[in-house]
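# Geometric and topological summary
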Amino acid sequence: MGTPEGAAPRAAGRSASPARRRAVAILADFFGGGRRPLRLAREVAGLGDADRDLARELVLGVLRWRSALDAEIARFSRFPLDRLKPPVREILETALFQLRFLERVPTRAAVHEGVAMARAQAGEGASRLVNGVLRSALREPPRRLPESTPRELAEAFSHPAFLVERWTERFGAARTRAILAADDERGRLHLLCDARRFPRDDVARRLLAEGVETAPLALAENGLAVVSGNPIRTAAFRDGVCYVADAGSQALPFLLPPGDLLLDLAAAPGGKTASALFSGRFARVVSADLSPDRLAFFRENRARMDLAAALPVAADVLAAPFPARGFDRVLLDAPCSGTGTLRKNPEIRYRLTPAAVDAMADAELRLVAGAAALVAPGGYLLYSTCSLEEEENERVAAALVAADPSMRLSPIDPPEALRKNVSGAVFRLFPDEGADGFTAHLFRRE
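Remember, it's a predicted structure, so these values are computed and weren't measured experimentally. (Residues numbered from 1 in each chain as written. Predicted model: local features only at pLDDT ≥ 70, side-chain atom pairs only at ≥ 80, totals over all residues. Heavy atoms only, no water.)

What follows deals with the sheet that holds strand S4 (residues 242-244). Judged by pairing direction, the sheet is antiparallel, and its 4 strands sit side by side in the order S2-S3-S1-S4 without closing on themselves. Of all the strands in the sheet, the pair left with one neighbour each is strand S2 (213-216) and S4. Strand after strand, the sheet turns through a mean of 40° between neighbouring axes, direction not considered. Where helix H10 (residues 200-209) meets the sheet, it contacts strand S1 (190-193), S2, strand S3 (223-228) and S4, and its direction lies at approximately 20° from that of S3. (Pairing = 2+ DSSP bridges. Helix = DSSP H or I, 4+ residues; strand = E, 2+ residues; numbered from the N terminus. Axes fitted to C-alpha atoms, helices over the stretch in contact; angles between N-to-C directions. Contact = heavy atoms within 4.5 Å.)

What follows is the structure in C-alpha cells.
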C-alpha cells in the first residue's frame with residue numbers, strides 16, 4: 001500500500017500530519033459542540049492541497065461509517081465509548097477508518113499518527129489505549145453488523161432509525177438498503193457543461209488534457225461525472241467551460257415547459273440557473289436568493305461562466321419584490337431537511353429528527369405558497385426539494401392545491417433520460433441512481 005496521493009511517508013517519531021489533526025479537531029468539535037452544520041471547505045482552509053483532500057476524506061468517511069467503526073472500537077477497548085476522554089474517540093475513529101477504507105494510507109502511518117495524537121492531546125495512558133485498540137483491530141477482520149431489521153440497517157449504515165423505518169415502509173426493503181449503501185459511498189463530483197459554447201464531449205477532452213478523466217452523466221444531457229483528478233484546479237474550470245452541479249440539480253429545469261423568462265427562487269449559488277440557460281430552454285432567468293453571501297458567490301460564477309442573461313436579485317420569497325402572478329415559469333428548489341443528500345452531507349444524519357422534518361415542512365409550505373402567488377394564469381411552478389420525505393413533498397403539494405384551487409398538479413413531460421423518474425406530476429430521483437435524491441412536483445395555474 002502506498003501513501004495518500006501527493007503525500008510522503010512520515011518517519012517514526014514525527015508528530016501527526018496536519019490533515020489528521022484537523023480532521024480529528026473537526027469531528028471532536030462537531031460531536032461535542034451541538035452537531036452544528038459543517039462548513040467543511042472553510043474548516044480545512046489553509047492546508048496544502050494533499051492535506052486538505054485527506055482531511056475532507058477522513059471527516060466525511062468517519063461520519064458515513066461511525067456506527068461500524070464504533071462497534072469495532074467497542075470490541076477492543078477496555079473502556080466504554082462514552083468514557084473515552086475527548087478527543088480519543090475521534091482519534092480512534094479516524095485511524096480505524098484509514099485502516100479499513102483507505103488503501104493508499106500505510107498501516108504504520110495510521111497507527112503511529114493516531115498514537116502520537118492521543119499522547120499529545122490526552123496523555124500516555126490514552127496513547128497506550130489507542131495503540132492497543134488499533135493493533136487488535138489489525139489482527140482480526142471486521143465483523144459485519146446484522147442487517148435483518150430496519151433498526152439493524154440503521155446501525156450498520158449509520159443512519160437515523162426513524163428514517164430507515166419510514167423508507168422501508170414507503171420504498172421497500174431492497175430500495176432502502178440501496179439508498180443506505182449509496183449514502184455511505186464516496187460519490188463522484190458532477191460537472192455542468194456550457195453547451196451553448198462547448199459541447200460536452202469537447203469539455204471532456206479539454207479536461208482530460210489537464211489530467212481530469214470524466215464520463216457522461218446519463219441523467220443530465222450537459223453533465224459529466226468526474227472519474228479522477230480535480231477539475232476545480234484546471235484552466236478549463238477557471239475559463240467557465242464547466243460548473244460543479246449535481247445531476248439532480250441539473251435536471252430540474254428540464255421538468256418545466258420551455259419559456260422565455262424563468263424566475264429561479266432560492267437560486268444561489270447558481271446551478272439551476274446555469275442549467276436553464278445552458279440548455280437553451282430559457283432565454284433569461286431572474287435568479288433570486290435571500291442570502292447576500294450566496295448571491296455574492298453567484299455573481300462570481302455569473303462572471304466566470306458568461307451568464308449575462310441571469311439577473312441576480314436579493315429577495316425573500318415570503319415578501320418578494322415582484323408583481324403578483326407576473327411569471328409564466330417559476331422554479332422553487334426549497335431549503336429542506338436534505339435527506340436525499342446524506343452522501344454529500346453525512347453530518348445531517350446525526351442531527352435529524354421527526355420534529356425537524358415537520359418544522360421544515362411547515363416552512364416549505366409557506367415558501368411554496370409565496371412562489372405560487374407569482375405564477376401567472378396558464379403558468380407553471382416546479383416545487384422541488386433534495387428530500388425524500390413525504391411531509392416535505394407530497395403533503396406540501398396537497399396543502400398548496402387545497403389552499404389555492406387554481407393551482408393544479410400538471411403532468412411532467414421530461415427528456416427520455418428522466419422518464420423512469422417521472423410519474424404524472426411527480427419527479428423522484430433516489431441516491432442509489434448516482435446523484436443526490438430529489439423530489440419535485442409540477443403545478444399549473446388554471
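Moving on, we come to the environment of Asp436. Here Asp436 lies in the loop between strand S12 (426-429) and strand S13 (438-445). According to the relative accessible area criterion, Asp436 is buried, its value standing at 7%. C-alpha separation for the pair Asp436 and Ala182, spaced 254 residues apart in sequence, amounts to 9.7 Å. The residues contacting Asp436, other than those within four sequence positions of it, are Asp246, Gly340, Thr341, Arg343, Lys344 and Leu429. Separated by 2.7 Å, the side chains of Asp436 and Lys344 make a polar contact. (Buried < 20%, exposed > 50% of the residue type's maximum accessible area, 1.4 Å probe, protein only. Polar contact = N/O pair within 3.5 Å; in protein donor to acceptor, adjacent residues only side chain to side chain.)

Glancing now at the packing of aromatic side chains. The tally for this structure, following the rule as stated, stands at 8 aromatic pairs. Between Phe97 and Phe101, the aromatic rings sit 5.1 Å apart at their centres with planes inclined by 25°, giving stacked as the arrangement. With a gap of 4 residues between them, Phe97 and Phe101 both fall in helix H4 (residues 88-101), about one helical turn apart. By relative accessible area, Phe97 is classed as buried at 5%. With relative accessibility at 36%, the residue Phe101 sits in the partly exposed group. Taken together, the aromatic side chains of Trp65, Phe97, Phe101 and Phe157 make up a single cluster linked through ring pairs. Lying across the ring of Phe31, Arg66 places its NZ or CZ 3.5 Å from the centre. One residue, Arg304, lies across the ring of Phe237, its end atom 4.1 Å from the ring centre. (Phe/Tyr/Trp six-rings, centres within 6.5 Å; stacked < 30°, edge-to-face > 60°. Lys NZ or Arg CZ within 6 Å of the ring centre and 35° of its normal.)

Function cannot be read off these values alone, since they describe shape.
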